[in-house]
Amino acid sequence: MSDKFMPHTEEDIRAMLDKIGVASIDELYGDVPEEVIYREEYDIPSAMSEIELRRHFNELGAKNKSLTIFAGGGAYDHYAPSTIGHLLARSEFYTAYTPYQPEISQGTLQYIFEYQSMISELTGMEATNASMYDGATAAAETMFMMVASAKKKNRVLISDTVSERVIRVVKTYAKFHGVSLTVVPEKDGVTDLDAIYKELEAGDVAGVIVPTPNKYGIVEDFTGLADKIHAAKGSLAIFADPSALAVLRTPAEWGADVACGDGQSLGMPLAFGGPYLGFISCSKSMLRKMPGRVVGATKDADGKRAYVLTLQAREQHIRREKATSNICSNQSLMALYATIYLSLLGKEGLKEVNALSCDGAHYLYNKLIESGKFTPAFDKPFLKEFVVKTDLDMEKVNARLLENGIMGGLLLGNGLVEFAVTEKRTKEEIDTLVNLMVEG
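Residues numbered from 1 in each chain as written. Predicted model: local features only at pLDDT ≥ 70, side-chain atom pairs only at ≥ 80, totals over all residues. Heavy atoms only, no water.

### What about the overall build of the chain?
Working step 1: When helices and strands are counted, the chain shows 13 helices and 17 strands.
Working step 2: Put simply, the chain has 440 residues, and 46% of those count as buried.
Working step 3: Within the chain, contacts between residues at least 6 apart in sequence are counted, and of these 70% link residues at least 24 apart.
Working step 4: Here the chain has roughly 23600 Å² of accessible surface; of this, 52% comes from carbon and sulfur atoms. (Helix = DSSP H or I, 4+ residues; strand = E, 2+ residues; numbered from the N terminus. Buried < 20%, exposed > 50% of the residue type's maximum accessible area, 1.4 Å probe, protein only. Contact = heavy atoms within 4.5 Å. Areas by Shrake-Rupley, 256 points an atom, 1.4 Å probe, with all protein chains shown as cover.)

### Details of a nonpolar patch on the surface
Working step 1: Where nonpolar side chains cluster on the molecular surface, the patch consists of Ile20, Ile25, Leu28, Tyr29, Val32 and Val36 and spans about 550 Å² of accessible area.
Working step 2: Its place among the elements puts Tyr29 in the loop between α2 (25-28) and α3 (50-61). (Patch = residues over 30% accessible without salt bridge, like charges linked within 9 Å, V, L, I, M, F, W, Y side chains within 5 Å. Salt bridge = Lys/Arg side-chain N within 4 Å of Asp/Glu carboxyl O.)

### Side note on empty space enclosed by the protein
Working step 1: Under the counting rule described, the total for this entry stands at one cavity of 30 Å³ or more.
Working step 2: Computed from the structure, the largest cavity encloses a volume of approximately 60 Å³.
Working step 3: Surrounding the largest cavity, Tyr216, Ile218, Tyr365, Phe378, Lys380, Phe382, Glu385, Phe386 and Val387 form its lining.
Working step 4: Ranked by residues supplied to the lining of the largest cavity, first place goes to strand β14 (residues 385-390) with three residues.
Working step 5: Across the lining of the largest cavity, the residue classes tally to seven nonpolar, no polar and two charged. (1 Å grid on protein atoms, 1.4 Å probe; cavity = no way out; pocket = protein on both sides within 12 Å on 5 of 7 lines; lining within 4 Å. Points joined across faces, edges and corners; volume = space filled by probe spheres on them. Nonpolar A, V, L, I, M, F, W, Y, C, P; charged D, E, K, R; others polar.)

### With respect to unusual backbone geometry
What is expected of a backbone is that most residues other than glycine have negative phi and most peptide bonds are trans.
Working step 1: Across the junction of Ala130 and Ser131, the peptide omega takes the value -15°, indicating a cis bond.
Working step 2: Tracing the backbone shows Ser131 in the loop between β2 (127-128) and α7 (135-149).
Working step 3: Each neighbour pair has its own omega, and for Thr212 with Pro213 the value is -20°, a cis peptide bond.
Working step 4: Secondary-structure assignment places Pro213 in the loop between β7 (205-212) and α10 (225-231).
Working step 5: With a phi close to 50°, Ala271 is a non-glycine residue in the positive phi region.
Working step 6: Here Ala271 is to be found in the loop between β9 (258-262) and β10 (278-282).

### Remarks on the sheet that holds strand β3 (residues 155-159)
Working step 1: Pairing in this open sheet of seven strands is mixed, and the strands run β2-β10-β9-β8-β7-β3-β4 from one edge to the other. Single-partner strands in this sheet number two, and they are β2 and β4 (180-184).
Working step 2: Direction of pairing for β9 relative to β10: antiparallel, over a ladder of five bridges. Note that in β10 the partner of Cys260 across the bridge is Ile280.
Working step 3: Relative to β10, helix α6 (residues 106-123) is tilted by about 65°, and along the sheet it contacts β2, β9 and β10.
Working step 4: Docked against the sheet, helix α8 (residues 164-177) engages β3, β4 and β8 (235-240), running at close to 155° with respect to β4. (Pairing = 2+ DSSP bridges. Axes fitted to C-alpha atoms, helices over the stretch in contact; angles between N-to-C directions.)

### Some remarks on helix α9 (residues 193-200)
Working step 1: Residues of α9 that are buried include every one of Leu193, Ala195, Ile196, Tyr197 and Leu200, and no others.
Working step 2: If you follow the buried residues of α9, they end up packed against β3, β4, β6 (190-191), β7 and α10.

### Considerations on the environment of Asn214
Working step 1: Positionally, Asn214 belongs in the loop between β7 and α10.
Working step 2: The class of Asn214 is buried, set by a relative accessible area of 5%.
Working step 3: Taking C-alpha positions, Asn214 is 8.5 Å from Phe239, a pair spaced 25 residues apart along the chain.
Working step 4: Look past the residues within four positions of Asn214 in its chain and what remains in contact with it is Thr161, Gly189, Val190 and Glu220.
Working step 5: For Asn214, the side chain forms a polar contact with the main-chain oxygen of Gly189, separated by 2.8 Å. (Polar contact = N/O pair within 3.5 Å; in protein donor to acceptor, adjacent residues only side chain to side chain.)

### Some details on the sheet that holds strand β16 (residues 410-413)
Working step 1: One open sheet accounts for four strands, arranged β13-β14-β17-β16; its pairing is antiparallel. Of all the strands in the sheet, just β13 (374-376) and β16 have a single pairing partner and so form its edges. Recorded for the sheet is a direction-independent mean angle of 40° between the axes of neighbouring strands.
Working step 2: Bridge count between β16 and strand β17 (residues 416-420): three bridges; the pairing is antiparallel. Directly across from Leu410, in β17, lies its bridge partner Glu418.
Working step 3: Running over the sheet, helix α11 (residues 332-371) touches β13, β14 and β17 and is turned about 10° from β14.
Working step 4: This element, helix α12 (residues 394-403), spans β13, β14, β16 and β17 of the sheet and lies at about 175° to β16.

### Examining the state of the cysteines
Working step 1: Throughout the structure, instances matching the rule amount to zero disulfides.
Working step 2: You can see Cys260 has no disulfide; the closest cysteine sulfur is in Cys282, sitting 11 Å from it.
Working step 3: Residue Cys260 is classed as buried on the basis of its relative accessible area, which comes to 0%. (Disulfide = S-S within 2.5 Å.)

### Focus: the packing of α6 against α11
Working step 1: Interhelical geometry of α6 versus α11 gives an angle of 50° and a closest axis separation of 9 Å. The pairing of α6 with α11 is recorded here as oblique in orientation. When the axes of α6 and α11 are compared, the crossing they make is left-handed. Across the interface between the two elements, Thr108, Tyr111, Ile112, Glu114, Tyr115, Met118, Ile119, Glu121 and Leu122 from α6 touch Ser332, Leu333, Ala335, Leu336, Ala338, Thr339, Leu342, Ser343, Lys347 and Leu350 from α11.
Working step 2: Considered class by class, the residues forming the contact of α6 with α11 number twelve nonpolar, four polar and three charged. (Parallel < 35°, antiparallel > 145°, perpendicular 65-115°, else oblique. Left-handed = near helix turned anticlockwise from the far one by under 90°.)

Keep in mind these values describe shape, not function.
Shown next, in the form of structure tokens:
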């Protein structure tokens, strides 16, 4: 049957109502307040031919304004090879669900396995899950991992240099799960490590979450941090930009027990905020505390390589109160997106992405400082994102930029403005941005 949608017949409706013991549709919705029920005719356009419908949607699409983006804050305008869209749109990927039956899900299981392997290589960790909603919920689940791994410790520290929106989500999860969360202050744009060391003296800290790069784009130095935390019988988690890990020291190299973050920087479109991809990687000792699924490689009855779900400590498989997580939905399609992206770019391609982004960001930074209208906010190393200070009315400046098709920097308050530059931004675009801001 070619019809994608078949409406219920009167007989179907009558049979369902009889089954549940309701006389009519009106009685079924009898508890719904009358004032919220829409009784007017729906404003639905009449039927269109295919060519008319295409024209109609093209007209709607033309109302969107394509902008040149210099904003970051955790979501970045990276280039995505067109191949990704073509492969991702294959029906077997769009319609695939959780691969409970390995006999018929080898393709899905294989790409999840490859995804886990690639993220593990980026983070340097021994295992990666598949997968979480986004970076913020991945950070919250990481908090639970550290508490579950600690003995009778229920307090977690999180640096104030982690993205504010991530901290808000983690706070919400902590409140309703009885976890004590302490936000460690920043100092000169980076985590106040002395404040962490002081908190560790209390002996009740299960884990610490710090970022790389941080919310200001700064690459922080965590030398010695893991040793201090481990000596206090706690865990270290690093909230990381996976794209940047191609050139930065990995969480494993910092001695972290867990790495988490958002995979959006792996070429995923900004898409007004989603869907994105959360990831968690961890050391082998933390593996059984990790939520989500882990796909493993094995051999079938004929000795051929095969893939299966090896760990899935979720409420669907064990008692709810024993589950490590109650997040069920694997962002599988986005994990496939990341897998294709990383496969196409490879190690050298990802390094080039960061090199171009870094060059562009430092070029913009220097041009802004040279203009005399902006001054450095922090004297710290950065990769593709940075913060400067200005006395300009940036709300008016950003409005002028929008009129010229540019999304300017993020306003952080107190004259601080954050800019991000990816490999997509050209020298001409950067020069145009500077001229519009400085000359008006």
